[in-house]
Amino acid sequence: MNKKLVIPLMVLLFMLETTVVPWLIPEPMYGRIAPHFVFVAALYAGLYAGRHQALLLGFFFGLVQDIVFYGHLLGVHSLLMGVIAYLTGLLLEGKRIPMLAALAVIGLACFLYDAAAYGVYRIFRVTHETFEFVLLHSIAPSLFLQIGFALAVYVPARRLFEAKAKKNADEAE
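The numbering scheme is per chain: residues are counted from 1 as the chain's sequence reads. Given that this is a predicted model, residues contribute local features only at a pLDDT of at least 70 and side-chain atom pairs are listed and counted only at 80 or more, while totals for whole chains, interfaces and linings are drawn from all residues. To get the side-chain values, take all heavy atoms of the structure and skip hydrogens and water.

**Section: the packing of aromatic side chains**
Then, in step 1: Geometry of aromatic contacts follows a simple scheme: Phe, Tyr and Trp rings, the Trp one being its six-membered ring, pair when their centres are within 6.5 Å, and the pair is stacked under 30 degrees between planes, edge-to-face over 60, tilted otherwise. The final tally for this structure, using the stated rule, is eight aromatic pairs.
Then, in step 2: For the pair F39 and Y113, a centre-to-centre distance of 4.7 Å together with 25° between the ring planes defines the contact as stacked. Of the two residues, F39 sits in helix α2 (residues 37–48) while Y113 sits in helix α5 (residues 99–123), which places them 74 residues apart along the sequence. Across the pair, exposure class does not vary: F39 and Y113 are buried alike.
Then, in step 3: By the ring-pair criterion, three or more aromatic residues cluster together here, those being Y44, Y48 and Y154. Note on conventions: DSSP H or I runs of at least 4 residues are helices, E runs of at least 2 residues are strands, and numbering of each starts at the N terminus. Here the term buried applies to any residue with accessible area under 20% of the maximum for its type, exposed to any over 50%, and partly exposed to those in between, with areas from a 1.4 Å probe on protein chains only.

**Observations regarding helix α4 (residues 76–91)**
Then, in step 1: Helix span, expected: 1.5 Å multiplied by one less than the number of residues in the helix. For α4, with 16 residues, the first-to-last C-alpha span of 22 Å sits near the 22 Å given by 1.5 Å per residue.
Then, in step 2: Taken residue by residue, α4 has V76, H77, S78, L80, M81, G82, I84, A85, T88 and G89 as its buried positions.
Then, in step 3: Residue contacts are counted whenever heavy atoms from the two residues lie within 4.5 Å of one another. Next to the buried residues of α4 lie α2, α3 (51–68) and α5.

**Regarding a nonpolar patch on the surface**
Then, in step 1: Each patch is built from residues that are more than 30% exposed by relative accessible area and take part in no salt bridge. Like charges join if they lie within 9 Å; nonpolar side chains (Val, Leu, Ile, Met, Phe, Trp, Tyr) join within 5 Å. All accessibility values rest on the Shrake-Rupley procedure with a 1.4 Å probe; residue burial counts only the protein chains present in the view. Each salt bridge in this description consists of a side-chain nitrogen of Lys or Arg and a carboxyl oxygen of Asp or Glu lying within 4 Å of one another. Together, L5, L9, L12 and L160 line one region of the surface with nonpolar side chains, adding up to about 320 Å² of accessible area.
Then, in step 2: For the nonpolar patch, the element with the most residues is helix α1 (residues 3–24), which contributes three residues.
Then, in step 3: Summarising the element assignment, L9 is placed in helix α1.

Everything listed here is a matter of geometry and, on its own, says nothing about what the molecule does.
Put into structure tokens, the structure is as follows:
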């Protein structure tokens, strides 16, 4: 995947998660489910293309998300997206990861992202809800949405990001 295609796809995913998906969420769940499709794409970049690309994608699109939606604490989502995507790429760099392992890593990373964001908001007293409430009413439903999305785009994302990784490895030799 070339860099000219990565940014437009990520922008398209950002537009999808902010405009179309809220219409598809049922009324009782509205405001509790937060789609993080861009974060899932950054995780795929970390798993199959490299940790540096994942860091840049996560940081940039997290910053866009901070600016557009979460103006009361600027930088939380950019830091969390960038660092978690980077660590995912660092821990699994150069390893061939099967589908179930990739989905498990993405699920764990999405849980870690939401839990860490809750922790930062709790420390700075932006939220006053208990972790148990947030886990059951927001993190768990959002996690199912992220895993479903990751499963739906697994094959195209792997092909695109692995093609870029193979191309970079060939150029390095």
